[in-house]
Amino acid sequence: MGAGERRLAIWQTLCLRRHDTVANLASEFNVSKRTLYYDVQFLSLIYPIESVRGRYYGGIKISDWYTPNSNSFTPAQMELLLRLQKTLSGNDAIIMMSIINIFSWRNSNRKQACR
């Protein structure tokens, strides 16, 4: 498992658990605590991840305000975009399809990663 795959797996694990200790995550992914800190530091540039201090409740967590599916289209919105895309031509049609594909990819990955 490379660094990118491991970081994605760490993010997916945090999505499921919302909170975990550094020692537990390092053990689970078979890396040192230092490596896990580097991974979390990298992930925190992209995702809302926080470090929490404390002997009993310390660790890494997803920010309380974050809801994983907040940036997704509803089925009615997606249906409208698909209908509108059929009326477009040229570069506009390509741009609309790229938007639809990005959000479709995000939705499917979020459903798998952050349930």
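Structural notes on the packing of aromatic side chains
Part 1: Tallied over the entire structure, the rule returns 3 aromatic pairs.
Part 2: Both rings, one in Trp11 and one in Tyr47, keep their centres 3.9 Å apart while their planes meet at 10°; by these two values the pair is stacked. Here Tyr47 lies in the loop between helix 3 (33-43) and strand 2 (49-52) and Trp11 lies in helix 1 (residues 3-17), a separation of 36 residues in the sequence.
Part 3: According to the relative accessible area criterion, Trp11 is buried, its value standing at 5%.
Part 4: Since its relative accessible area comes to 26%, Tyr47 is described here as partly exposed.
Part 5: A connected cluster of aromatic rings, assembled from ring pairs, spans Trp11, Tyr47, Trp65 and Tyr66.

Details of the confidence of the model for the protein
Part 1: Counting all residues, the mean pLDDT for the protein is 82, and 85% of those residues have values of 70 or more.
Part 2: Confidence over residues 109-113 falls short of pLDDT 50; this stretch has 9 contacts with residues more than four positions distant or in other chains.

Basis of the calculations
The residue count restarts for each chain, going from 1 along the sequence in the order it is written. Local features are withheld for residues below a pLDDT of 70 in this predicted model, meaning they are given only at 70 or higher, and side-chain atom pairs are given and counted only at 80 or more; totals for whole chains, interfaces and linings count all residues. Only heavy atoms go into the side-chain values, all of them from the structure, while hydrogens and water stay out. Aromatic rings from Phe, Tyr and Trp, taking only the six-membered ring of Trp, are treated as a pair when their centres fall within 6.5 Å; an angle between ring planes under 30 degrees marks them as stacked, one over 60 as edge-to-face, and anything in between as tilted. Runs of E in the DSSP output that reach at least two residues are strands. Runs of H or I that reach at least four are helices, and both are numbered from the N terminus. Accessible area is worked out with a 1.4 Å probe on protein chains only. A residue is then buried under 20% of its type maximum, exposed over 50%, and partly exposed in between. The quantity known as pLDDT measures the predictor's confidence residue by residue, on a range of 0 to 100. Any pair of residues with heavy atoms lying within 4.5 Å of one another is described as a contacting pair.

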